[in-house]
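Each chain, written out:
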Amino acid sequence: MSSPTTPPIADRVWDVIVVGAGPAGSTAARVAAEGGASVLLVDRAVFPRYKTCGGGLLGESLALLPEPVRATVESRVAEVVVTERFGRRQRIRRGTPFLAMVRRVEFDQALVDAAVAAGVVFAPGTAVRSIETPDARGGGVLLSTSAGVLRGRVVIGADGTNSRIGRHVGVELEGVDLGLEDELAMPEGAVGDAETVGWRDVVRLDWGGAAGSYAWVFPKAGSLTVGVIQARGSADETRYYLTAWREYLGLADAVELHSSGHLTQWRAPGSPVRRGPVLVAGDAAGLLEPWTREGISYALRSGTWAGAAAARAVASGEAHASSPALEPLEAALARYDARVAAELAPEQEVGALLLRAFERHRTLVHLVLRTRAGARYFVRFCRGDTSLAHLPRHRLAMRALRLLAGLAHPSPAKR
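For the structure given in this document, a descriptive report is provided here. (Residues numbered from 1 in each chain as written. Predicted model: local features only at pLDDT ≥ 70, side-chain atom pairs only at ≥ 80, totals over all residues. Heavy atoms only, no water.)

Concerning the sheet that holds strand 15 (residues 223-231)
Within a beta sheet, neighbouring strands are joined by backbone hydrogen bonds and run either parallel or antiparallel to one another. In plain terms, the rule: Strand pairing requires that DSSP identify at least two bridges connecting the strands. Counting from the N terminus, the helices are DSSP H or I runs at least four residues long and the strands are E runs at least two residues long. Lines are fitted to the C-alpha atoms to define the axes, a helix being fitted only along its stretch in contact, and any angle between axes, read from their N-to-C directions, falls within 0 to 180 degrees. Two residues form a contact once any of their heavy atoms are found within 4.5 Å.
An order of 6-5-13-14-15-12-16 is seen for the seven strands of this open sheet, with the pairing classed as mixed. Each end of this open sheet is capped by a strand with a single partner; those strands are strand 6 (89-93) and strand 16 (256-267). Strand-to-strand twist of the sheet, defined as the mean angle between neighbouring strand axes without regard to direction, takes the value 15 degrees. Its contacts with the sheet place helix 6 (residues 235-249) against strand 5 (79-84), strand 6, strand 12 (173-185), strand 13 (202-207), strand 14 (214-219), strand 15 and strand 16, and it is angled at close to 145 degrees to strand 15.

Observations regarding empty space enclosed by the protein
For clarity, the threshold we go by: In this analysis, the protein atoms alone were mapped onto a 1 Å grid. Cavities are point sets where a 1.4 Å probe fits without being able to get out; pockets are open sets with protein on both sides within 12 Å along at least five of seven lines; lining residues have an atom within 4 Å of a point. Grid points are joined across faces, edges and corners, and a volume is the space filled by probe spheres set on the points. Under the convention adopted here, Pro, Cys and the residues Ala, Val, Leu, Ile, Met, Phe, Trp and Tyr are nonpolar, Asp, Glu, Lys and Arg are charged, and Gly plus all remaining residues are polar.
Within this structure, the stated rule accounts for one cavity of 30 Å³ or more. Leu58, Glu60, Glu289, Thr292, Glu294, Ser297, Tyr298, Arg301, Glu347, Phe381, Ser387 and Leu388 are the residues that line the largest cavity. For the lining of the largest cavity, the element with the most residues is helix 7 (residues 296-319), which contributes three residues. Grouping the constituent residues of the lining of the largest cavity by class yields four nonpolar, three polar and five charged.

Comments concerning unusual backbone geometry
Between phenylalanine 47 and proline 48 the backbone carries a cis peptide bond, its omega angle lying at -5 degrees. If you trace the backbone, proline 48 turns up in the loop between strand 2 (39-43) and strand 3 (56-57). Even without being a glycine, phenylalanine 86 presents a positive backbone phi close to 65 degrees. Note that phenylalanine 86 resides in the loop between strand 5 and strand 6. Positive phi, normally seen in glycine, also occurs at aspartate 201, with a value near 60 degrees. Note on placement: aspartate 201 falls in the loop between strand 12 and strand 13.

With respect to the packing of helix 9 (residues 362-370) against helix 10 (residues 372-383)
If you want to describe how two helices pack, look at the angle between their axes and the distance between the axes. Our working definition: To sort the angles, those under 35 degrees are grouped as roughly parallel, those over 145 as roughly antiparallel, those from 65 to 115 as roughly perpendicular, and the leftovers as oblique.
Interhelical geometry of helix 9 versus helix 10 gives an angle of 85 degrees and a closest axis separation of 4 Å. As far as their axial angle goes, helix 10 and helix 9 are roughly perpendicular. Where helix 9 abuts helix 10, its residues Val368, Leu369 and Arg370 lie against Arg372, Gly374, Ala375 and Phe378. Grouping the constituent residues of the contact of helix 9 with helix 10 by class yields four nonpolar, one polar and two charged.

Let's talk about the pairing of strand 14
Short version of the rule: For every residue, the accessible area (1.4 Å probe, protein chains only) is compared with the maximum for its type, and the residue is labelled buried under 20%, exposed over 50%, or partly exposed between those bounds.
Most of strand 14 sits out of view: six of its six residues are buried. Where burial is concerned, the two faces of strand 14 agree: the one with Tyr214, Trp216 and Phe218 and the one with Ala215, Val217 and Pro219 are both buried. As judged from the four bridges shared by strand 13 and strand 14, these two strands associate in the antiparallel manner. By the bridge assignment, leucine 205 is partnered in strand 14 with tryptophan 216. Hairpin connection between strand 13 and strand 14: a loop of six residues separates the two successive antiparallel strands, and glycine 212 in this loop has a positive phi of roughly 75 degrees. Relative to strand 15, strand 14 is paired through six bridges, and the arrangement is antiparallel. Looking at the pairing, tryptophan 216 lines up with glycine 227 of strand 15. Between the end of strand 14 and the start of strand 15, which pair antiparallel, lie three residues.

Focus: a positive patch on the surface
Our working definition: Two distance rules govern patches: like charges are joined within 9 Å, and nonpolar side chains (Val, Leu, Ile, Met, Phe, Trp, Tyr) within 5 Å, applied only to residues with over 30% relative accessible area and no salt bridge. Accessible surface area values rest on a Shrake-Rupley calculation with a 1.4 Å probe, where residue burial reflects the displayed protein chains alone. In the sections that follow, a salt bridge refers to a side-chain nitrogen of Lys or Arg positioned within 4 Å of a carboxyl oxygen of Asp or Glu. The charged-residue count follows a simple rule in which Lys and Arg add positive charge and Asp and Glu add negative charge, with His and chain termini not counted at all. One atom stands in for each charge, and that atom is NZ of Lys, CZ of Arg, CG of Asp or CD of Glu.
A surface patch of positive charge is lined by Arg94, Arg372, Arg376, Arg380 and Arg383. Here arginine 380 shows up in helix 10. In this structure arginine 380 comes out as partly exposed when scored by relative accessible area, which is 37%.

What about the pattern of salt bridges?
Applying the stated rule across the entire model yields 18 salt bridges. A salt bridge links arginine 301 to glutamate 60, with the shortest nitrogen-to-oxygen separation between them at 3.3 Å. Pair noted here: arginine 301 is in helix 7 and glutamate 60 is in helix 2 (residues 59-62), with a separation of 241 residues, a long-range link. Judged by its relative accessible area of 6%, arginine 301 is buried. Arginine 246 serves as the salt-bridge partner of glutamate 256, at 2.8 Å between the closest nitrogen and oxygen. With a gap of ten residues between them, glutamate 256 in strand 16 and arginine 246 in helix 6 connect regions that are remote in the sequence. Take glutamate 256: its relative accessible area is 42%, and that puts it in the partly exposed class. Under the relative-accessibility criterion, arginine 246 is labelled buried at 8%. Connected through salt bridges with shared partners, the residues Arg49, Arg104 and Asp108 form a single ionic network.

Some points on the packing of helix 1 (residues 23-34) against helix 4 (residues 104-117)
For clarity, the cut-off: By convention, the crossing between two helices is left-handed when the near helix turns anticlockwise from the far helix through less than a right angle, and right-handed when the turn is clockwise.
It is the contact of helix 1 with helix 4, at a shortest axis distance of 8 Å, that shows an interaxial angle of 15 degrees. Our classification of the angle between helix 1 and helix 4 gives roughly parallel. Handedness of the helix 1/helix 4 crossing: left-handed. Side by side, helix 1 and helix 4 meet where Pro23, Ser26, Thr27 and Arg30 of the first sit next to Arg104, Phe107, Asp108, Leu111, Val112, Ala114 and Ala115 of the second. Residue classes in the contact of helix 1 with helix 4 are distributed as six nonpolar, two polar and three charged.

Here we look at the side chain of lysine 220
Worth spelling out the cut-off: By the criterion applied in these results, polar contacts are pairs of N or O atoms within 3.5 Å in which, for protein atoms, one can donate a hydrogen and the other can accept it, and in which residues neighboring in sequence qualify only through two side-chain atoms.
With respect to the secondary-structure elements, lysine 220 resides in the loop between strand 14 and strand 15. Look at lysine 220: it is buried, it has no salt bridge, and the nearest opposite charge is glutamate 183 at 4.4 Å. There is a polar contact of 3.4 Å between the side chain of lysine 220 and the backbone oxygen of valine 102.

Here it is as structure tokens:
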């Protein structure tokens, strides 16, 4: 386990400073250190810390995890039960699991420990107050923090929603949602809605009454994560949905271990993910799939790419230290922008269209999931065998999706 005590961190220039020790930040720090950079990872929280999140891992996420982190998986899910406003049920079952569940306390700590094992210096309890790039030609970045002024050649912001680093970069948001979540002790009795399946290793989803809303139950070893999400601005309605969901499941009186709320956000098309030597990843960059609001795979991928780009940039800058030309460093960092644009942006575009279509034609989308082809695609998506990035290759499918979304062009209106 990483220690909250660290050596002095304000008396040197770091190759890379990563702000935020969630999945994006810890991954970026580890990858940058593996690339030969000196790396400082800071977070305002003291670890281990609770994090509001369902904790569902797609196959794509599992493939990016170091082996010790995979050991934090507490549930392997081979069955999903779907309802629409607590109505007709559909079960999607397979002989082998297609989803994995973790608790973020252990998962995030394991990611931090993997980064420390790679040589990262971790400084928890360090709050960033301001950021400054005094030398626009690549002379480094200054961070004013509770531990003093920190200096880094490259900074990666992974400080979540309402990111200070994201504001510096100029991240623009397309949508913001409110999620509410209760962590409940695993019930001993039967499922409240008279299903024959139990609680363990079964995910439950419900399409809500409000546009774009849904609810979930994600099982862990000794608890259930029960939550709801919908567009920000109707907090009372969101709270009522969570209460009704728990009552429907027979969990109104379940032992509550933790209750919390969080905002999810996704970037507008073309929103920057970098400003000079400052990059943003994960939630700080608005990297999230808008329909399902799945963000862990986006955090792990963007963190991996940001860390690799930062390590290359530092190595490039040192190799050309005697030259006034800074293009090699810039080119190394620009690889991150390009990869986000090529791989994550198309997924986000399709996710935004799916959300728009779901808001307009919820029952139709639900019916598609009930088909054999729809259920098969859902499982393949969860396993990581396909992604939303593949859909734009099918012009007819994209045209139909845009029509369902009520759009004549690919850019959805802001929520």
